[in-house]
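What follows is each chain in one-letter form.
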There are 2 protein chains.
Amino acid sequence: MSGEGRVHVTVGDVAREAGVSVATAARALGDYGSVSAKSRARVEQAAASLGYSPNMVARSMITGSTKTIGVIVADIENQFFQRVLRGITHITSERGYDLVLANTDESLDRERRALRVMTSRRVDGIILSPTEVADTQEIRAVAESGVPIVLIDRRLRGVNVDSVGIRNRGATYDATNRLISLGHKHIAVITGGTAESAPVLKNATVATLRRLSATTLGTRTAGYREALEAAGLAYRSDFVAANGFRQEDARAATVAFFALPDPPTAIIAFDSLLSLGVLQGLRDVGARSPDDVSLIGFDDAPWAEVVDPPLTVIGQPTLEIGVQAATLLLDRLAGRGRAHVHHRLETTLIERGSVGLPRLNGVPTGPRAGL
Amino acid sequence: MSGEGRVHVTVGDVAREAGVSVATAARALGDYGSVSAKSRARVEQAAASLGYSPNMVARSMITGSTKTIGVIVADIENQFFQRVLRGITHITSERGYDLVLANTDESLDRERRALRVMTSRRVDGIILSPTEVADTQEIRAVAESGVPIVLIDRRLRGVNVDSVGIRNRGATYDATNRLISLGHKHIAVITGGTAESAPVLKNATVATLRRLSATTLGTRTAGYREALEAAGLAYRSDFVAANGFRQEDARAATVAFFALPDPPTAIIAFDSLLSLGVLQGLRDVGARSPDDVSLIGFDDAPWAEVVDPPLTVIGQPTLEIGVQAATLLLDRLAGRGRAHVHHRLETTLIERGSVGLPRLNGVPTGPRAGL
DNA sequence: CTGTTAGCGCCTTCAC
DNA sequence: GTGAAGGCGCTAACAG
């Protein structure tokens, strides 16, 4: 084999070949400073014939910028993050930035590790979806060391960085209310969540929920609780499933709901993977939606329209979240300093076929029962 | 603000604080060479108190390795690549490699650009899913420059690199055959594909299809054609839709099929996003599966079980594809030179509810009609 | 417009 | 086991 040694052509090589100094070659190649048309042509010709490829790592050493954005997501298999990711690349790739990707799988330890990796790689900025139990301390340390961070999906109290997400409490409040207005009195939620957060999500007061550090699950649960309260409905902790983020977890939770003496007549799932699990759980127990149980999911996944029944969802502007996060970050990198902002985007309740009147002993009932 | 200047602590700083030489500090910090327990403790203490973070870019300059893998996928929103990506990270993150991600959206131009970016960033290796019309030349050049490449999903003729994928021709042949054995005579395929590849996919001979440079769509189409031929069924180019990879494209193609005087009684979609589009298209025209049309998709997506009807699919071992690709790459990086290999993994036809007997004027028919 | 020179932060001989 | 010095490829001053 010939090229095995991975010997790279350097600016010096190109300079020699072109018969100019390294500085001139570098200027032509790096497209900065001023070079005469003749020199530039000679350099470009030499570069082409030698197969020169600029060495970004050497360049980064000097400029102090890697032109790299670190993206740390909770779960790459979640539709939400894929869309966000695409939104991010729309913006970053245009402006010459590349992405280093890390997955946390909702593990705090991996989140810390990812943060250290990004620091070590000297990324210019970080877009992060913090885990529910995020280490505020570490994130703040990174931010204070001068690396801009934009939080997506979740916001962290006590950390002064930009964030982009949705109005979680309002969206969940409205969805719950929609079910209540149909006559539902037994409404359950599947929050996702981990072993650490489960007891809090299930038992804390609404006030506490609203004060949690990572706020998505907390505020969504708070919105649900508040809607219940406003309607004078009793809150039941056994109607809150917080046993994991995976599809299988939601499936198990759904099956468990139907093992209750009085199963819920409606379920809200806090993300699209969880919705899928609920759908599977319903099949497992032979329950039909919307006849036996109404279902509202989060995120308008590409499959939401074609499942059985077509899923009513709280649609999030996922692409836009990515776009705004990247824009915020790049603007800050461009030196446009300003106060930190928290963008809360609007959601839309997309009504399809999975919501109906509550059943009562197998017979649909509610405000319009008997019509 | 205090830490705004992004001043990083260097080994030199740590050395001074610890009262040792830079070399000793570097050895302790980089965990190489030999350092006395006492020095090591002092250095570690100093590093912690100063908040030292190793500079990977400087380290890369010296070692010649960035500990980075470039991953270039055709479409991050495709379930296939997400699973593959997860398989990749399983392996790479364990071994201390991070991922730089690039999307091509099936654009040849973006593929070239991504390849250049990866080269410029001096990634240690590349995992690439080439576009259908891949630039063999450029890929070969990168490979020959000494950067190991592993191809996933698609294989390229004339490029001597490792690849991991499935037995495309066999899988499609079998699926087509399954439909034929049920009595289907009008079987259509939705291939994805772009404007460039469409005429070839539709009109080329089987022999030509099998000789295309990028081979997934070509060999799948070939498998389909061969099954048709073996059964003595006529091939119709209007039953081959190659009008794009997006969900909407498949939807439109499906609607177009049903505008034909004699619509197909069965459809095979070449990836999961396309399957979703077919499902939507069927809703658009008011056709039901499997009564009006049988449907087989590629990839066992998480939603396949809960759509209406539950989707029969050709399941690919996606996670395993990622795992094997990463393993092949890392092994090669570890210097274990060997001949290039092409791993063809097995697929499984997962039968659910979307395949049935062919309809005939609205009445299901076929070998078992009337039972 | 062009060339020379001095590092960026780290690893790696090479002496000691 | 430790320290001093050189250099990876490039850019940024500074002269000319």
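Note that the coordinates shown come from a computational prediction; the quantities given were computed from them, not determined experimentally.

**Comments concerning the protein's contact with DNA strand C**
Phase 1: Near DNA strand C, the surroundings consist of 22 residues, among which S36(A), S39(A), I62(A), V11(B) and R59(B) are the closest.
Phase 2: Counting only atoms of DNA strand C within 4 Å of the protein, the fraction found in sugar and phosphate groups is 64%.
Phase 3: With respect to DNA strand C, the side chain of R27(A) contributes an N or O atom lying 2.7 Å from a base nitrogen.
Phase 4: Between DNA strand C and S34(A) there is a distance of 2.8 Å, counted from a phosphate oxygen to a side-chain nitrogen or oxygen.
Phase 5: Every element with two or more residues in the surface near DNA strand C is listed here: α2 (22–30) and α4 (56–63) of chain A together with α2 (22–30) and α4 (56–63) of chain B.
Phase 6: Looking at which element gives the most residues to the surface near DNA strand C, the answer is α4(B), with four residues.
Phase 7: Of the residues contributing to the surface near DNA strand C, the split by class is 13 nonpolar, seven polar and two charged.

**Details of the sheet that holds strand β5 (residues 162–166) of chain A**
Phase 1: Taken together, the 12 strands give an open sheet; going across it, the order is β11(A)-β5(A)-β4(A)-β3(A)-β1(A)-β2(A)-β2(B)-β1(B)-β3(B)-β4(B)-β5(B)-β11(B), and neighbouring strands pair in mixed fashion. Both outer strands of the open sheet, β11 (342–345) of chain A together with β11 (342–345) of chain B, are each paired with one neighbouring strand and no more. This sheet shows a mean twist of 20° between the axes of neighbouring strands, independent of strand direction.
Phase 2: As paired strands, strand β2 (residues 98–103) of chain A and strand β2 (residues 98–103) of chain B are joined by three bridges and run antiparallel to one another.

**A few points about the sheet that holds strand β12 (residues 348–350) of chain B**
All names here are of chain B.
Phase 1: Here we have six strands laid out as an open sheet, ordered β7-β6-β8-β9-β10-β12, and mixed in their pairing. Each edge of the open sheet is held by one strand with a lone partner, namely β7 (240–241) and β12.
Phase 2: As paired strands, strand β6 (residues 187–190) and β7 are joined by two bridges and run parallel to one another. Bridge pairing in β7 places I190 opposite A241.
Phase 3: Of the strands in this sheet, β6, β8 (266–269), β9 (294–298), β10 (312–315) and β12 touch helix α8 (residues 168–181), which is tilted by about 170° from β9.

**Regarding unusual backbone geometry**
Only a minority of non-glycine residues have a phi that is not negative, and only a minority of peptide bonds are not trans.
Phase 1: In this structure, the amide linkage connecting S289(A) to the following residue, P290(A), adopts the cis form with an omega of 0°.
Phase 2: Tracing the backbone shows P290(A) in the loop between α13 (272–285) and β9 (294–298).
Phase 3: The residue R122(A) is not glycine, and still its phi comes out positive at about 55°.
Phase 4: For R122(A), the location among the structural elements is in the loop between α6 (108–120) and β3 (125–128).
Phase 5: Residue E106(B) is not a glycine yet carries a positive backbone phi of 65°.
Phase 6: Note on placement: E106(B) falls in the loop between β2 and α6 (108–120).
Phase 7: Judged by its relative accessible area of 13%, E106(B) is buried.

**Details of the domain arrangement of chain A**
Residues and elements named next belong to chain A.
Phase 1: If you check the domain split of chain A, you get domain 1 (11–63), domain 2 (68–166 + 318–345) and domain 3 (168–316 + 349–364).
Phase 2: Relative placement of domain 2 and domain 3: their C-alpha centres are 28 Å apart.
Phase 3: At the interface, 18 residues of domain 2 touch 24 residues of domain 3.
Phase 4: In total, domain 2 and domain 3 occlude about 1700 Å² of area from one another, counting both sides; carbon and sulfur atoms represent 50% of this.

**Section: the protein's contact with DNA strand D**
Phase 1: Neighbouring DNA strand D are 23 residues, the closest being V11(A), R59(A), T24(B), S34(B) and S39(B).
Phase 2: If you look at DNA strand D and keep only atoms within 4 Å of the protein, 66% of those are sugar or phosphate atoms.
Phase 3: For DNA strand D, a phosphate oxygen lies 2.7 Å from a polar atom in the side chain of S34(B).
Phase 4: If you list the elements that add at least two residues to the surface near DNA strand D, you get α2 and α4 of chain A together with α2 and α4 of chain B.
Phase 5: The leading source of residues in the surface near DNA strand D is α4(A), at four residues.
Phase 6: In terms of residue class, the surface near DNA strand D is built from 13 nonpolar, seven polar and three charged.

**Quick look at the relation of the copies chain A and chain B**
Phase 1: When chain A is fitted onto chain B, the two copies agree to an RMSD of 0.1 Å after a turn of 180° and an axial shift of 0.0 Å. What we have between these two chains is a two-fold relation. Among all residues of chain A, the one whose C-alpha sits closest to the rotation axis is V307(A), at a distance of 1.9 Å.
Phase 2: Both copies contact each other with a shared surface, as 100% of the interface residues of chain A are interface residues in chain B too.

**Concerning the packing of α2(A) against helix α3 (residues 37–50) of chain A**
Residue and element names in this part refer to chain A.
Phase 1: Their axes nearest at 9 Å, the elements α2 and α3 cross at an angle of 80°. Classified by the angle their axes make, α2 and α3 are roughly perpendicular. Listed contacts from α3 to T24, A25, R27, A28 and L29 of α2 are S39, R40, V43 and A47.

**Quick word on the packing of aromatic side chains**
Phase 1: Scanning the model with the defined rule gives six aromatic pairs over all chains in all.
Phase 2: On the basis of an interplanar angle of 80° and a centroid distance of 5.9 Å, the ring pair of F270(A) and F298(A) is categorised as edge-to-face. Remark: F298(A) occurs in strand β9 and F270(A) occurs in the loop between β8 (266–269) and α13; sequence separation between them is 28 residues. Considered together, F270(A) and F298(A) belong to a single accessibility category, that of buried residues.
Phase 3: Over the ring of F298(B) we find R220(B), and its NZ or CZ is 3.8 Å from the ring centre.

**Here's the deal with the pairing of β2(B)**
Residues and elements named next belong to chain B.
Phase 1: With six of six residues buried, β2 is to be regarded as a mostly interior element.
Phase 2: Taken together, the six bridges between strand β1 (residues 68–73) and β2 define a ladder with parallel strand orientation. Residue pairing for β2: I72 is matched across the bridge by A102.
Phase 3: At this point the chain moves from β1, through helix α5 (residues 79–94), to the parallel β2, and the crossover so formed is right-handed.

Reading guide: rules and limits
Residues numbered from 1 in each chain as written. Chains lettered and ligands numbered in written order. Predicted model: local features only at pLDDT ≥ 70, side-chain atom pairs only at ≥ 80, totals over all residues. Heavy atoms only, no water. Near = heavy atom within 4 Å. Polar contact = N/O pair within 3.5 Å; in protein donor to acceptor, adjacent residues only side chain to side chain. Helix = DSSP H or I, 4+ residues; strand = E, 2+ residues; numbered from the N terminus. Nonpolar A, V, L, I, M, F, W, Y, C, P; charged D, E, K, R; others polar. Pairing = 2+ DSSP bridges. Axes fitted to C-alpha atoms, helices over the stretch in contact; angles between N-to-C directions. Contact = heavy atoms within 4.5 Å. Buried < 20%, exposed > 50% of the residue type's maximum accessible area, 1.4 Å probe, protein only. Domains from an automatic or database assignment. Buried area = accessible area lost by both parts, 1.4 Å probe. Least-squares fit on C-alpha atoms with pLDDT ≥ 70 in both. Parallel < 35°, antiparallel > 145°, perpendicular 65-115°, else oblique. Phe/Tyr/Trp six-rings, centres within 6.5 Å; stacked < 30°, edge-to-face > 60°. Lys NZ or Arg CZ within 6 Å of the ring centre and 35° of its normal. Right-handed = clockwise from strand over helix to strand, strands pointing away.

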